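Residue strings, one per chain:
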Amino acid sequence: MRIVVLVSGTGSNLQAVIDAVTAGDLEIEIAAVGADREGTYGIERSDEAGIETFVLNFNSFSTREEWDAALADKVASYGPDVVVSSGFMRIVSPEFIERFGGRYLNTHPALLPAFPGAHGVRDALEYGVKVTGCTVHWADAGVDTGPIIAQESVAIADGEDEESLHERIKVVERRLLIDVLRQLASGELKTPVA
Ligand code: GAR
């Protein structure tokens, strides 16, 4: 199974996937890693791991549609079976998702449909929930929406701050993401379109 991973930031979840592949614990090929802006640590990590990388800077396109079409062309050039949004903080179009047969995987640091968006951890803390968690799902063109594949809860400790909670959630998130990729690679879990 070939995947292309899209990142916008530090790429620590991506690093966990790279490590699992390197260790022989996950039999997939990371064909490429792409970002929507320059200077992300996610791209640096991938370069260090010898993975092909690309950047399609959202701000250097005059319209979202042009950026989205260029991203779809670039991702398609690697022939991925699955595209993974791993901390990729942009929504893509329905056309983008259709082009990859709906096989667009996303992870989110909250129990969707609660607390979607860029600040899932902060929003859960501000609301005052006692339990949050993470979700791996097939993404549609909404903000963190689409069929849920896996979720796990994480209890919030009294007085916990956003950074510490996000780190604890990410530990679980990485395990779920790797499990889902493993199940997809083995055929145990079916992709949305055969
Ligand atoms: C992850 O927690 C991921 O779920 C979240 O960004 C973080 C990226 O961390 N994504 C979203 O919030 C999407 N709405 P990383 O760059 O260290 O892997």
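Quick summary incoming for the structure in this document. No experiment lies behind these values; they were computed from the predicted model shown.

1. Some points on helix α5 (residues 120–127)
Three- or four-residue spacings in an α-helix give side chains the same orientation, since the helix completes a turn every 3.6 residues.
Link 1 in the chain: When we look at burial in α5, the residues that qualify are Gly 120, Val 121 and Ala 124. When α5 is viewed along its axis, its buried side chains cluster within an angular range of 100° and face the same direction.
Link 2 in the chain: Buried residues belonging to α5 abut β5 (104–108), β6 (131–138) and α6 (162–186).

2. So, the pairing of strand β1 (residues 2–7)
Link 1 in the chain: Judged by how many residues are buried, β1 sits mostly within the fold: 5 of 6 residues are covered.
Link 2 in the chain: For β1 and strand β2 (residues 29–35), the ladder comprises 6 bridges, and the chain directions are parallel. Note that in β2 the partner of Ile 3 across the bridge is Ile 30.
Link 3 in the chain: For the crossover that starts at β1, traverses helix α1 (residues 12–22) and ends in the parallel β2, the hand is right-handed.
Link 4 in the chain: Relative to strand β4 (residues 82–85), β1 is paired through 4 bridges, and the arrangement is parallel. Bridging from a neighbouring strand, Leu 6 pairs with Ser 85 of β4.

Cut-off values and rules
Residues numbered from 1 in each chain as written. Predicted model: local features only at pLDDT ≥ 70, side-chain atom pairs only at ≥ 80, totals over all residues. Heavy atoms only, no water. Buried < 20%, exposed > 50% of the residue type's maximum accessible area, 1.4 Å probe, protein only. Helix = DSSP H or I, 4+ residues; strand = E, 2+ residues; numbered from the N terminus. Arc of directions from axis to C-beta. Contact = heavy atoms within 4.5 Å. Pairing = 2+ DSSP bridges. Right-handed = clockwise from strand over helix to strand, strands pointing away.

Interpretation note: all reported values are geometric properties and have no functional meaning in isolation.
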